[in-house]
Amino acid sequence: MFSRRLLQAAATTTTGYCTKSVPRQSRLLFTSSEKPEWYEGIAVVSFNRPSTRNALGKTFMSQFRKGLAELRFDDSVRVVIVRSLVDRVFCAGADLKERAQMSPSEVSRFVHSLRASFAELEALPMPTIAAIDGAALGGGLEVALAADLRVAGAAAKLGLPETKLAIIPGAGGTQRLPRLVGLARAKELVFTGRVLDAKAAEKYGLVNVAVDGVAYEKALEIAREILPAGPVATRMAKLAIDKGMQVDISSGMAIEQGCYAQIIPTEDRLEGLRAFREKRTPVYKGK
Ligand code: COA
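Report on the accompanying structure. (Residues numbered from 1 in each chain as written. Predicted model: local features only at pLDDT ≥ 70, side-chain atom pairs only at ≥ 80, totals over all residues. Heavy atoms only, no water.)

1. Thoughts on the pairing of strand β5 (residues 128–132)
Regular strands place their side chains on alternate faces of the sheet. Definition in use: Only protein chains enter the accessibility calculation, which uses a 1.4 Å probe; a residue whose area is less than 20% of its type maximum is buried, one above 50% is exposed, and one in between is partly exposed. Only runs of H or I of at least four residues qualify as helices and only runs of E of at least two qualify as strands under DSSP, and these elements are numbered from the N terminus. Here, a strand pair is defined by DSSP locating no fewer than two bridges between the strands.
Within β5, 5 of the 5 residues are buried, which leaves it mostly tucked inside the rest of the structure. Every second residue of β5 is oriented toward a common face, with Thr128, Ala130 and Ile132 on one face and Ile129 and Ala131 on the other, all of them buried. Looking at chain direction, strand β3 (residues 79–84) and β5 are connected through 3 bridges and run parallel. Bridging from a neighbouring strand, Ile81 pairs with Ile129 of β5.

In structure tokens, the structure reads:
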């Protein structure tokens, strides 16, 4: 089971977080070890590459993709939180040192794979939350844009500064940002490369909520609020919203119908009705 494996991995290290198989300079962490009773069903992906401020390099991205692939097929995971363990930084975006060594064709290939990786994050079947406690710049913000929800803490700084480096956001930023905050605001942010603090990001609609404290704590609170919902229903709701938003509304209604059809035969749907009748809390099994 995913959570048991994570707990075992945590027990093998002095930090209590990283797995032995992952190189130290580029750790990606999957842990449920802090307060296990609170973490049932929540997978926490923690970025921890302090030397480059979690910059998105080749090794980092290959581990990220492997982690995503594991989460995708784990039915015990109801919510995924992506956060950073590096102080005051969520993710510094593209690894600019590595990038400087790449040929033009390598850059093109790597940016393509970044885009594909974030699409994989976006396509995870369960709800995802980016907990932004620090700088989320360039590709760092693009990771967060691929999550379903974003929470910004007091230390958050969010921006797409690519045009200042004479490039454009290339891992979904030019597409997801306008869909999230609207055309004019997205253009303003991309053309100027402006960096927003948490409150401004909330005002722009870039994050769901800005908190004065730690975003990760708020993300956990939201995740716990999602946990009691029917797991299949949550996944189907995500699918219906995501797919429906890409098409005209009548096609979207057909998508909704298709998603609903998958819920009708579930045991959980009947359990919800029974629990209502019996005035008790439903116990959902994700079946
Ligand atoms: N790629 C590679 N290395 C990076 C990096 C990046 N995107 N961002 C930071 N680093 C490295 C720095 O070069 C530095 O390495 P050094 O110690 O060998 O000199 C180290 O991380 C610490 O950087 P520093 O700027 O001192 O950290 P900070 O905590 O003061 O600031 C940031 C953190 C993220 C705000 C700042 O590093 C920054 O603005 N980075 C660039 C972000 C960016 O423009 N990203 C968009 C890419 S399109």
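2. Looking at the site of the ligand
Quick note on the threshold: In this text, near means that some heavy atom of the residue lies within 4 Å of the molecule or strand in question. Polar contacts, as used here, are pairs of N or O atoms within 3.5 Å; protein pairs need one atom able to donate a hydrogen and one able to accept it. Residues neighboring in sequence count only if both atoms are side-chain atoms. Methods summary: accessible areas were calculated by the Shrake-Rupley approach with a probe of 1.4 Å, and residue burial reflects only the protein chains presented. When residues are grouped by polarity, Ala, Val, Leu, Ile, Met, Phe, Trp, Tyr, Cys and Pro land in nonpolar, Asp, Glu, Lys and Arg in charged, and all others, Gly among them, in polar.
Around the ligand sit 14 residues in total, of which Arg53, Ala92, Ala94, Leu96 and Lys97 are the nearest. Between the ligand and Lys97 there is a distance of 2.9 Å, counted from an oxygen atom to a side-chain nitrogen or oxygen. With the chains in place, 58% of the 880 Å² that the ligand exposes on its own is no longer accessible. In the shell around the ligand, the residues fall into 8 nonpolar, 2 polar and 4 charged.

3. A few points about empty space enclosed by the protein
How we decide: Lining residues are defined by having an atom within 4 Å of a point belonging to a cavity or pocket. Those points lie on a 1 Å grid over the protein atoms alone, cavities being sets where a 1.4 Å probe fits but cannot get out and pockets being open sets with protein on both sides within 12 Å along at least five of seven lines. Grid points are joined across faces, edges and corners, and a volume is the space filled by probe spheres set on the points. Where each domain begins and ends follows an automated or database-derived domain assignment.
Considering all chains together, one arrives at 2 cavities of 30 Å³ or more under this definition. Surrounding the largest cavity, Val77, Arg78, Val79, Met126, Pro127, Ile226, Leu227, Ala229, Pro231, Thr234 and Arg235 form its lining. Examining the composition of the lining of the largest cavity, we find that 3 residues originate from one element, helix α11 (residues 231–244), more than from any other. Here the residues of the lining of the largest cavity are counted per class, giving 8 nonpolar, 1 polar and 2 charged. Mapped onto the domain boundaries, the lining of the largest cavity takes at least three residues apiece from domain 1 (29–227) and domain 2 (231–278). Computed from the structure, the second largest cavity encloses a volume of approximately 30 Å³. Lining the second largest cavity, in full, are Leu141, Leu158, Gly159, Leu160, Leu177, Leu189, Arg194, Leu196 and Leu206. Of the residues contributing to the lining of the second largest cavity, the split by class is 7 nonpolar, 1 polar and 1 charged.

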